[in-house]
Amino acid sequence: DWKMEDVMEEEIKVIKTVVGAKDHVICALSGGVDSTVAATLVHKAIRDRLHCIFVDNGLLRFKERERVMETFESDLHLPVTCVDATEQFLSKLKGVVDPETKRKIIGKEFICIFDEFAQELEHKLGTKPAFLVQGTLYPDVIESCPPPGSGRSHSHTIKSHHNVGGLPKDMKLRLIEPLKLLFKDEVRELGKILNVPEAFLKRHPFPGPGLAVRVLGDVTQGNALDILRQVDEIFIQSIKDAGLYDSIWQAFAVFLPIRSVGVQGDQRTHSHVVALRAVTSQDGMTADWYYFEHKFLDDVARKICNSVRGVNRVVQDITSKPPSTIEWE
Ligand code: XMP
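Residues numbered from 1 in each chain as written. Predicted model: local features only at pLDDT ≥ 70, side-chain atom pairs only at ≥ 80, totals over all residues.

### Regarding helix 1 (residues 4–19)
So, step 1. Its 16 residues place the ends of helix 1 22 Å apart at the C-alpha level, agreeing with the 22 Å of an ideal helix rising 1.5 Å per residue.
So, step 2. Three or more residues of helix 1 are buried, namely Glu11, Ile15 and Val19. On an axial view of helix 1, the arc spanned by its buried residues comes to 50°, and they lie on one face. Residues of helix 1 that are exposed and point over 90 degrees away from its buried face: Glu5, Asp6, Glu9, Glu10, Lys13 and Thr17.
So, step 3. Next to the buried residues of helix 1 lie strand 1 (25–29), helix 2 (33–46), strand 4 (131–133) and strand 5 (174–176). (Helix = DSSP H or I, 4+ residues; strand = E, 2+ residues; numbered from the N terminus. Expected span 1.5 Å × (residues − 1). Buried ≥ 20, exposed ≤ 12 C-beta atoms within 10 Å, placed from the backbone. Arc of directions from axis to C-beta. Contact = placed C-beta atoms within 7 Å.)

Set out below in structure tokens:
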């Protein structure tokens, strides 16, 4: 029966030994729990020889960049370079409709930016960074084999998603994966000891390709991203206000590339339709759609149509996984 404090101390010792007294380490922060906890741990071990990058790909949620940078800087004092690559990503995504193609483009652009960051760092330091931190968890490592005595079964053998779609092969960075023996709930426990804010540790998962998989079709169509951000923020804030956030695995809005007729004021409108999705799940491999009270949904739908210009219809996704996936693309 090991305590999380001991795990932390042990990990810090290992990181110090592995990295040594001179080498530098880089880390890509996604804004998620795993990479944040991994980076915070490494930072504790080697301090300013850690160099983090956070990329705004233009596909983030409402005020996401500001919110995560605030946590990185004010709460965790992590050394983070924030790169605004919105134009770079969106110009490459213009006109692209196929979901897998979108993912590939996003993965490739990310690698370019990461590469550039590593090169600039090398130039600045006069030496190549030698290590890369990744927030890999135990389930990612074992995939199909349950740990002895854990009582948990991990029967899924399909690993379908990678956050960053791999990194440049010729980079010759050695990996540091300080969370690779931990489960998600243990990472949260570790994060707590490392002073990662509680609310941050409880955030719902968010896909690497971001809102690109939640705007169906071309992500650059009209002001789809802007509409989606506003709708999503209203939905999530309402869920938090109702005290439901922690009972839900993931909740989000989806922008549909269609218009329908509505009547607002005494005007007929021909505007956008958004879908709301909320699910419960243990691990994302299967999921059940979440049942909201009538009044909650009624309030949310009214609020969305009243305050988001260009939306006149709200629908709810009532399919579980399977047969649907959690994301729409
Ligand atoms: P699906 O939609 O396949 O999603 O039921 C299962 C979980 O994985 C997340 N997801 C992704 N995460 N890159 C990611 O990093 C992706 O391309 C991706 N697609 C889905 C999804 O949000 C859910 O938590």
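Right, picking up where we left off after that structure.
### What about the site of the ligand?
So, step 1. Surveying the vicinity of the ligand reveals 15 residues, the closest of which are Pro207, Gly208, Thr325, Ile326 and Glu327.
So, step 2. Considering only residue class, the shell around the ligand consists of five nonpolar, seven polar and three charged. (Near = placed C-beta within 6 Å. Nonpolar A, V, L, I, M, F, W, Y, C, P; charged D, E, K, R; others polar.)

### Here's the deal with the UniProt feature "binding site: ATP" (unreviewed entry) in the chain
So, step 1. In the numbering adopted here, UniProt assigns the feature "binding site: ATP" (unreviewed entry) to Ser30, Gly31, Gly32, Val33, Asp34, Ser35 and Thr36.
So, step 2. Among the structural elements, Val33 can be located in helix 2.
So, step 3. Accessibility expressed as a C-beta count within 10 Å gives 22 for Val33, which makes it buried.
So, step 4. Those residues in contact with Val33 that lie beyond four places of it in its chain are Val187, Arg188, Gly191, Leu201 and Arg203.
So, step 5. If you trace the backbone, Thr36 turns up in helix 2. (UniProt positions renumbered as here; feature names shortened; annotations may be inferred.)

### Digging into the pairing of strand 1
So, step 1. Among the five residues of strand 1, five are classified as buried, and the element is accordingly described as predominantly covered.
So, step 2. The alternating pattern of strand 1 places Val25, Cys27 and Leu29 on one face and Ile26 and Ala28 on the opposite face, and all of these are buried.
So, step 3. Pairing of strand 1 with strand 2 (residues 50–56) involves five bridges; the strand directions are parallel. From the neighbouring strand, Cys27 faces strand 2, where its bridge partner is Cys52.
So, step 4. Traced from strand 1 through helix 2 to strand 2, the parallel crossover comes out right-handed. (Pairing = 2+ DSSP bridges. Right-handed = clockwise from strand over helix to strand, strands pointing away.)

### Side note on the nonpolar core
So, step 1. Counting 73 residues, the largest nonpolar core has Val25, Cys27, Ala39, Val42, Leu228 and Val231 as the members making the most contacts within it.
So, step 2. Residues in contact with Val42, not counting those within four places in the same chain, are Ile15, Val25, Cys27, Leu50, Val133, Ile176 and Pro178. (Core = buried A, V, L, I, M, F, W, Y, C linked by C-beta atoms within 7 Å.)

### Digging into helix 3 (residues 64–75)
So, step 1. For helix 3, which comprises twelve residues, the first-to-last C-alpha distance of 16 Å matches the rise-based estimate of 16 Å (1.5 Å per residue) to within 8%.
So, step 2. Just downstream of helix 3 lies His77, where phi reads positive at about 55°.

### Side note on the sheet that holds strand 4
So, step 1. As summarised here, the arrangement of the five strands in space is 3-2-1-4-5, forming an open sheet in which the pairing is parallel. Every other strand in the sheet has two partners, leaving strand 3 (80–84) and strand 5 as the edge strands with one partner each. If you compare each strand with its neighbour and ignore which way they point, the axes differ by 25° on average.
So, step 2. Against the sheet, helix 2 touches strand 1, strand 2, strand 4 and strand 5, its axis set at about 155° to strand 1.
So, step 3. Along the sheet, helix 3 contacts strand 1, strand 2 and strand 3; its crossing angle with strand 3, the most-contacted strand, is approximately 170°. (Axes fitted to C-alpha atoms, helices over the stretch in contact; angles between N-to-C directions.)

### Let's talk about the packing of helix 1 against helix 2
So, step 1. Where helix 1 contacts helix 2, the axes come no closer than 9 Å and their chain directions differ by 65°. The crossing of helix 1 and helix 2 is right-handed. Residues Glu11, Ile12, Ile15, Lys16 and Val19 of helix 1 pack against Leu41, Val42, Lys44, Ala45 and Ile46 of helix 2.
So, step 2. Per-class residue counts for the contact of helix 1 with helix 2 are seven nonpolar, no polar and three charged. (Left-handed = near helix turned anticlockwise from the far one by under 90°.)

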